[in-house]
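If you want the building blocks of each chain, they are given just below.
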2 protein chains.
Amino acid sequence: MGIELTILGCHSATPRTNAHPTAQYLKINERHILIDCGEGTQVLLRQQKIPFAKIKHIFISHLHGDHFFGLVGLISTFGLLDRRTELNIYGPKGIKEIITLQLKLSKSWTSFPLLFHELKNKESEIIFEDKKIKVSTIPLNHRVYTNGFLFEEKPSLRKLNMENIAMEPEIEICDYHNLKKGKDFVKQDGTILGNDDLTLPPRHTHSYAFCSDTAYKPDIVPLLKGVSFLYHESTFLEDKKNLTEKTKHSTAKEAALIAKAAQVKTLILGHYSSRYNNLDEFKIEAKTVFDDVELAESGKVFKI
Amino acid sequence: MGIELTILGCHSATPRTNAHPTAQYLKINERHILIDCGEGTQVLLRQQKIPFAKIKHIFISHLHGDHFFGLVGLISTFGLLDRRTELNIYGPKGIKEIITLQLKLSKSWTSFPLLFHELKNKESEIIFEDKKIKVSTIPLNHRVYTNGFLFEEKPSLRKLNMENIAMEPEIEICDYHNLKKGKDFVKQDGTILGNDDLTLPPRHTHSYAFCSDTAYKPDIVPLLKGVSFLYHESTFLEDKKNLTEKTKHSTAKEAALIAKAAQVKTLILGHYSSRYNNLDEFKIEAKTVFDDVELAESGKVFKI
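In what follows, the accompanying structure is described. Here the structure is a predicted model, which means the values were calculated and not measured.

1. Comments concerning the overall build of chain A
For step 1, the next point in the chain: Helix and strand counts for chain A stand at 11 helices and 18 strands.
For step 2, the next point in the chain: Taken along its principal axes, the extent of the C-alpha atoms in chain A is 75 × 55 × 35 Å.
For step 3, the next point in the chain: Within chain A, buried positions represent 41% of all 304 residues.
For step 4, the next point in the chain: Residue pairs in contact within chain A that sit at least 24 positions apart in sequence constitute 64% of those at least 6 positions apart.

Printed below as a string of structure tokens:
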């Protein structure tokens, strides 16, 4: 339960010796997820000793190479490892053609069900939901069609208040599940015992919002309200603000403005331009606006 | 002049932390060439400090991922680095569609001429030739359409024999070029001075043959006669010879049999299966057949 986010790569543009393009591994409420998959991601997963066969869902924000050129290689490796579990790919329209063309020409059909969920909606939508989590898109503003993703834990069942339950002999073990689900208890004589007296609230749920790549886009704030972790790209500092319009990227200050307006718990910065050698400057700039700022770094783990 | 071959990656199948898929950088007679381009090749080029902007020709043997999944990323990086020089890609039919589809969907058209030379001939053919080098295909036997490549230096001009030339006052500096090209010299009185007396043979030319991936295929031997370096895949040792038929790969012994029959100078082994931890066993097995055997290793340079 909870959230464990491992940063695999967090730099922009081209992969370099010590600067890997975007990829993140997210464990949320027992679900194993990969977010973006730049070239070399499968090697980074191995380096971090992540049991990547468990990944069932891969979310691709957009079709710039630094966010998906590692995907076809990872899928091929799953094939070579004789994976049998289904794999779901969520990404912009076109991603299916890119992957299947390469699998076809290399005569490397997968041994497992490979399911594509192509996105083209410009409004936020729920794209995956099960008992444990819910995933929605966060429409972003970039040079090509791009989505961020909001990952939310589903509320778990209420906890039994055993002290109060013990005082009601009519309540049996087989009634517990209905109580956990929030139902009142009706006694033989018709008296209703309110659920609030018999149970305690479920544990607090957590959420993670991934926003990359994007220009400053304040209209996403309502989607991000109160998330536990917000990863927001900060390709530039304010000294290069003139570049943000053409490239459709953000500064560290702009990322912090979004975090502040959305009242998130922690802001994580990343997608740094190779122009900058000292990443601390990103943190310093963001902290002028918002206090709880962390820097993404390859191998760093954020937990809640 | 001469040959300088840098091994970037030389392992089969999936990229791992210390095992990179096939890619080689070849300098031959002042030409800069990349052979195959597995995932992560651009990072290996940077690690080896190879001035990769100079590469004008990329040869792709076949469309299995471990031989070309790094190509689209390298091309994109050339674009980001604002390359202007043309880039030629030689590879199986289909490679153009794979690359252009991804460039189109990412709206990342290149700033330089990107020229595809798609191959489908099953016989050996010359696919590139200029003043300095000649490149021919070596049709191989693999699970998909595959070519090896033979890179040959073109003979340079003959050298002047200054001792003999000095004894012929009629020969002037402006005649030297014709002599270097092999022409005889005709004196005013009609006497012919033979070129053999006035010049010395040009330096010996060198050649490199790349053969990966392939099952044992003795009919390529005539194409490889006397090459300086032969890289021949050795995915397996003889203990796994039963796997070579289905997978269309070779053993180290089979690679050595090819080297011996073709009377090459040096055999370089590579494309090792991850089943084997001790690569020395490949060398030991090959040496039972052929003496001059080297092991490909990431970062190793072979020069002549």
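Back to the text.
2. Some details on the relation of the copies chain B and chain A
For step 1, the next point in the chain: The two copies are related by a screw motion: chain B maps onto chain A through a turn of 180 degrees and a shift of 0.1 Å along the axis, at an RMSD of 0.2 Å. What the superposition gives is, in effect, a two-fold axis relating one chain to the other. Nearest to the rotation axis, the C-alpha of B:Gly40 is located 2.9 Å from it, this being the minimum over chain B.
For step 2, the next point in the chain: Take the interface residues of chain B: 100% of them recur as interface residues in chain A, which is what a same-surface contact looks like.

3. Quick notes on the sheet that holds strand E18 (residues 301-303) of chain A
All names here are of chain A.
For step 1, the next point in the chain: Here seven strands make up an open sheet; going across it, the order is E6-E5-E4-E3-E2-E1-E18 and the pairing mixed. Pairing within the sheet leaves two strands with one partner each, and these edge strands are strand E6 (114-119) and E18. With direction set aside, neighbouring strand axes in the sheet form an average angle of 20 degrees.
For step 2, the next point in the chain: For strand E2 (residues 23-28) and strand E3 (residues 31-37), the ladder comprises six bridges, and the chain directions are antiparallel. Note that in E3 the partner of Ala23 across the bridge is Cys37.
For step 3, the next point in the chain: Against the sheet, helix H4 (residues 95-105) touches strand E5 (87-92) and E6, its axis set at about 150 degrees to E6.

4. A short note on the sheet that holds strand E2 (residues 23-28) of chain B
All names here are of chain B.
For step 1, the next point in the chain: Strands sit in the order E6-E5-E4-E3-E2-E1-E18 across an open sheet of seven strands; the sheet is mixed. The open sheet has two edge strands with one neighbour each: strand E6 (114-119) and strand E18 (301-303). With direction set aside, neighbouring strand axes in the sheet form an average angle of 20 degrees.
For step 2, the next point in the chain: Pairing geometry for strand E5 (residues 87-92) and E6, over six bridges, is parallel. Residue pairing in the sheet places Asn88 in a bridge with Leu115 of E6.
For step 3, the next point in the chain: Sheet contacts for helix H4 (residues 95-105): E5 and E6; angle to E6, the most-contacted strand, approximately 150 degrees.

5. Details of the interface of chain B and chain A
For step 1, the next point in the chain: Taken together, the contact between chain B and chain A spans 31 residues of the former and 31 residues of the latter.
For step 2, the next point in the chain: Mapped onto the side of chain B that touches chain A, the elements with two or more residues apiece are helix H1 (41-47), helix H3 (71-80) and H4 of chain B.
For step 3, the next point in the chain: Here the residues of the side of chain B that touches chain A sort into 11 nonpolar, 14 polar and six charged.

6. Brief notes about the packing of H4(A) against H4(B)
For step 1, the next point in the chain: Look at H4(A) against H4(B): their axes get within 10 Å of each other, and the N-to-C directions meet at 170 degrees. One way to sum up the angle between H4(A) and H4(B) is to call them roughly antiparallel. On H4(B), the residues touching A:Glu97, A:Ile98, A:Leu101, A:Gln102 and A:Leu105 of H4(A) are B:Glu97, B:Ile98, B:Leu101, B:Gln102 and B:Leu105.
For step 2, the next point in the chain: Here the residues of the contact of H4(A) with H4(B) sort into six nonpolar, two polar and two charged.

7. Brief notes about H4(B)
For step 1, the next point in the chain: Within the sequence span of H4(B), burial applies to B:Ile95, B:Ile98, B:Ile99, B:Gln102 and B:Leu105. Buried residues of H4(B), viewed axially, fall in a sector of 140 degrees; they line one side.
For step 2, the next point in the chain: Residues of H4(B) that are buried in the fold lie against H4 of chain A together with H3, E5 and E6 of chain B.

8. Some details on unusual backbone geometry
Residues apart from glycine generally show negative phi values, whereas peptide bonds are mostly found in trans.
For step 1, the next point in the chain: With omega at 0 degrees, the peptide bond leading from A:Ser212 into A:Asp213 counts as cis.
For step 2, the next point in the chain: Topologically, A:Asp213 is positioned in the loop between strand E14 (207-211) and helix H8 (221-224).
For step 3, the next point in the chain: Look at A:Ala13: it is not a glycine, yet its phi comes out positive at around 65 degrees.
For step 4, the next point in the chain: In this fold, A:Ala13 is placed in the loop between strand E1 (3-9) and E2.
For step 5, the next point in the chain: Of note in the backbone geometry, B:Lys107 takes a positive phi value of approximately 50 degrees without being a glycine.
For step 6, the next point in the chain: Within the secondary structure layout, B:Lys107 lies in the loop between H4 and E6.

9. So, the nonpolar core
For step 1, the next point in the chain: Counting 134 residues, the largest nonpolar core has A:Leu230, A:Leu267, B:Leu230 and B:Leu267 as its most contacted members.
For step 2, the next point in the chain: Once residues lying within four places of it in the same chain are set aside, the contact partners of A:Leu267 are A:Leu230, A:His232, A:Ala255, A:Ala256, A:Ala259, A:Ala286, A:Phe290, A:Asp292 and A:Val293.

10. Let's talk about the packing of helix H10 (residues 252-261) of chain A against helix H11 (residues 280-287) of chain A
Two measures define how a pair of helices packs: the angle their axes make with one another and the distance between the axes.
Residues and elements named next belong to chain A.
For step 1, the next point in the chain: For the pair H10 and H11, interaxial distance at closest approach is 8 Å and the crossing angle is 45 degrees. Classified by the interaxial angle, the pair formed by H10 and H11 is oblique. Both H10 and H11 take part in a crossing whose hand is right-handed. Facing Ala252, Lys253, Ala255 and Ala256 of H10, the residues of H11 in contact are Phe282, Glu285 and Ala286.
For step 2, the next point in the chain: Considered class by class, the residues forming the contact of H10 with H11 number five nonpolar, no polar and two charged.

Conventions used here
- Residues numbered from 1 in each chain as written.
- Chains lettered and ligands numbered in written order.
- Predicted model: local features only at pLDDT ≥ 70, side-chain atom pairs only at ≥ 80, totals over all residues.
- Helix = DSSP H or I, 4+ residues; strand = E, 2+ residues; numbered from the N terminus.
- Buried ≥ 20, exposed ≤ 12 C-beta atoms within 10 Å, placed from the backbone.
- Contact = placed C-beta atoms within 7 Å.
- Least-squares fit on C-alpha atoms with pLDDT ≥ 70 in both.
- Pairing = 2+ DSSP bridges.
- Axes fitted to C-alpha atoms, helices over the stretch in contact; angles between N-to-C directions.
- Nonpolar A, V, L, I, M, F, W, Y, C, P; charged D, E, K, R; others polar.
- Parallel < 35°, antiparallel > 145°, perpendicular 65-115°, else oblique.
- Arc of directions from axis to C-beta.
- Core = buried A, V, L, I, M, F, W, Y, C linked by C-beta atoms within 7 Å.
- Left-handed = near helix turned anticlockwise from the far one by under 90°.

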